[in-house]
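Reading the structure
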Amino acid sequence: MFLKVQLPWNVIIPAENLDAKGLMLQRAITVRLMESFATRKATKDLGYFLAVTTLESIGEGRVRQHTGDVLFPVVFSCITFKLFRGDVLEGVVHKVLKHGVFLRCGPVENIYLSCLKMPDYKYVTGENPVFLNDKLSKIEKDVAIRFIVIGTKWLEVEREFQALVSLEGDYLGPTS
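As a starting point, this report considers the structure included with it. (Residues numbered from 1 in each chain as written. Predicted model: local features only at pLDDT ≥ 70, side-chain atom pairs only at ≥ 80, totals over all residues. Heavy atoms only, no water.)

Read across the sheet, three strands follow the order β9-β10-β11 without closing on themselves; strand pairing throughout is antiparallel. Two strands bound the open sheet, and with one partner strand each, they are β9 (122-124) and β11 (138-139). (Pairing = 2+ DSSP bridges. Helix = DSSP H or I, 4+ residues; strand = E, 2+ residues; numbered from the N terminus.)

Written out as structure tokens, the structure is:
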């Protein structure tokens with residue numbers, strides 16, 4: 001799900017980028033904030049950082065000793081994306097294995113749908129393996145699937161989430 005959150009952040013402006021005109025300073029702070037925000041992938045509590053929406057406030061700058069850089073505390077609003085248990089979402093299959101498929105949904109790359117959580121689907125081997133049911137509905141590479149999240153896991157080292165999903169429920173399965 002998408003969340004709108006307000007975050008405090010510290011933006012460091014190098015001394016050579018400082019200008020007497022306030023507008024250029026605000027622009028430099030905004031650009032630095034965007035660069036810093038883009039490098040921060042995700043957090044366990046908030047999920048994946050997607051976009052800065054508004055810059056709420058810029059605090060008074062403090063000069064850092066030894067470097068001359070200025071640190072500005074800022075507060076901004078942003079949009080994040082985090083998977084929660086029970087969410088019904090749509091993803092695209094990017095890998096088909098004998099025991100299940102891997103999907104992508106937004107910024108989440110590792111979503112696993114086990115063959116045990118695909119009622120009525122059977123694995124069909126071949127050059128392009130697929131899962132097929134009695135109604136000839138196919139789950140194969142590049143197919144969009146509506147699923148329900150049954151569990152998530154935060155990986156601190158990679159700074160990303162993994163999810164386990166299911167097709168057990170109404171209106172779940174391939175949509176394309």
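Okay, unusual backbone geometry next. Even without being glycine, H66 reaches a positive phi, approximately 75°. Counting through the fold element by element, H66 comes out in the loop between β4 (62-63) and β5 (70-81). Of note, L136 is a non-glycine position whose phi angle comes to about 65°, a positive value. As for its placement among the helices and strands, L136 is situated in the loop between β10 (130-132) and β11.

Attention now goes to the pairing of β5. The element β5 is largely enclosed, with a buried count of nine among its twelve residues. Relative to β5, strand β1 (residues 2-13) is paired through twelve bridges, and the arrangement is antiparallel. Directly across from L3, in β5, lies its bridge partner T80. When strand β3 (residues 47-58) meets β5, the two strands line up antiparallel, connected through eight bridges. Looking at the pairing, Y48 lines up with F81 of β5. One ladder, built from two bridges, connects β4 with β5; its direction is antiparallel. Within β5, the residue paired with R62 across the bridge is L71. Counted between consecutive antiparallel strands, the loop separating β4 from β5 contains six residues, among which H66 sits at a positive phi close to 75°. (Buried < 20%, exposed > 50% of the residue type's maximum accessible area, 1.4 Å probe, protein only.)

Remember that the coordinates give geometry; whether it matters functionally is a separate question.
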